[in-house]
Amino acid sequence: MMFRRLLPAAAFVLLPGMAMAADQQPAAAPAAQSATQRSPTASLAHTPHAPAPEQVEAHIKALHDQLAITKKQEALWTPFAQDMRDNAQRLHDSIENRREKLPGMNALENMQSYAELTVERAQDMQTLNSAFAPLYESFSKKQRKHADALFQQGDSEHAEKGQAPEAAEQATSTTSAPATGGAAAQ
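Keep in mind that what you see is a predicted model, and the values were worked out from it rather than measured.

Participant: Before we go on, may I ask you to explain the packing of helix α2 (residues 53-67) against helix α3 (residues 74-101) in this structure?
Facilitator: To characterise two packed helices, one gives the angle between the axes of the helices and the distance between these axes. In the contact formed by α2 and α3, the axes pass within 10 Å of each other and the chain directions differ by 150°. Classed by the angle they form, the pair α2 and α3 counts as roughly antiparallel. Crossing of α2 over α3 shows right-handed handedness. Every residue of α3 that contacts α2 at Val 56, Glu 57, His 59, Ile 60, Leu 63, His 64 and Leu 67 is listed here: Glu 74, Trp 77, Phe 80, Ala 81, Met 84, Arg 85 and Ala 88. Residue composition of the contact of α2 with α3, by class: 9 nonpolar, 2 polar and 3 charged.

Participant: Quick question: what am I supposed to make of the side chain of Asp 83 here?
Facilitator: Here Asp 83 shows up in helix α3. Despite its burial, Asp 83 pairs with no opposite charge; the closest candidate is Arg 90, at 6.2 Å N-O. Those residues within four positions of Asp 83 in sequence are excluded, and the remaining contacts are Thr 127, Leu 128 and Ala 131.

Participant: Looking at this model, I keep getting lost on helix α4 (residues 107-138). Mind explaining?
Facilitator: Residues that lie three or four places apart on an α-helix share one face, since the helix turns once every 3.6 residues. In this model α4 runs 47 Å from its N-terminal to its C-terminal C-alpha over 32 residues, within 8% of the 46 Å that 1.5 Å per residue would give. Every buried residue of α4 is listed here: Asn 110, Ser 113, Tyr 114, Leu 117, Arg 121, Asp 124, Leu 128, Ala 131, Phe 132 and Leu 135. Put simply, Asn 106 is the residue that caps the front of α4, since its side-chain oxygen is 3.0 Å from the backbone nitrogen of Leu 108.

Participant: What am I meant to see in the packing of α3 against α4 here?
Facilitator: α4 packs onto α3 with a crossing angle of 175° between their chain directions and a minimal axis gap of 9 Å. In terms of their interaxial angle, α3 and α4 are classed as roughly antiparallel. Residues of the contact of α3 with α4, tallied by class, amount to 14 nonpolar, 6 polar and 6 charged.

Participant: Please clarify how the pattern of salt bridges should be interpreted in this entry.
Facilitator: For side chains bearing opposite charge, pairing can occur when the charged atoms are close. Counted under the stated rule, the structure contains 5 salt bridges. The residue Lys 61 makes a salt bridge to Asp 65 at a minimum N-O spacing of 2.9 Å. On the criterion of helical spacing, the pair formed by Lys 61 and Asp 65 is a turn pair, its members being 4 residues apart in helix α2. Owing to a relative accessible area of 53%, Lys 61 belongs among the exposed residues under this scheme. A residue is classified by how much of its surface remains accessible, and Asp 65, at 44% relative accessible area, is partly exposed.

The rules behind these values
Residues numbered from 1 in each chain as written. Predicted model: local features only at pLDDT ≥ 70, side-chain atom pairs only at ≥ 80, totals over all residues. Heavy atoms only, no water. Axes fitted to C-alpha atoms, helices over the stretch in contact; angles between N-to-C directions. Helix = DSSP H or I, 4+ residues; strand = E, 2+ residues; numbered from the N terminus. Parallel < 35°, antiparallel > 145°, perpendicular 65-115°, else oblique. Left-handed = near helix turned anticlockwise from the far one by under 90°. Contact = heavy atoms within 4.5 Å. Nonpolar A, V, L, I, M, F, W, Y, C, P; charged D, E, K, R; others polar. Buried < 20%, exposed > 50% of the residue type's maximum accessible area, 1.4 Å probe, protein only. Lys, Arg positive; Asp, Glu negative; His and termini not counted. Salt bridge = Lys/Arg side-chain N within 4 Å of Asp/Glu carboxyl O. Expected span 1.5 Å × (residues − 1). Polar contact = N/O pair within 3.5 Å; in protein donor to acceptor, adjacent residues only side chain to side chain.

Here it is as structure tokens:
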């Protein structure tokens, strides 16, 4: 089960990373704003979380086991696994750098910083895909079918996970909003 929850992360961080999860509140945000009353634009300043090294290693081991990598495939697996480690470290460093600078950024700088982070992650994904392609080509039909199912399932779970916080947030905001009556309340 843990693997199925980590697989979507592989698609976005390690494949290029862990899912974006945390919202960073701008330094100028009012202290009175509570977590349940987040601004609808709060996600504009968010920075993703980087996985801890032990999470990366656990993910790599789980993926190795789930894909049933053979001894013959180890030579192709090794560069793929190393790319996952390198990408995770690069993501961690980039996130830390962004977080250090975030309090002093204006909106334009914030957006540019996030764009640069996204470009870096996309480049890491391309590198990882290049390492994965020959490994995937070496898979048996059974391994390919299993890999395809795992990645499809991982994407579905990631999408559901991403929608759940939004739905909960909307439910909280609608139940905590004062009733105004009439057509405007609809």
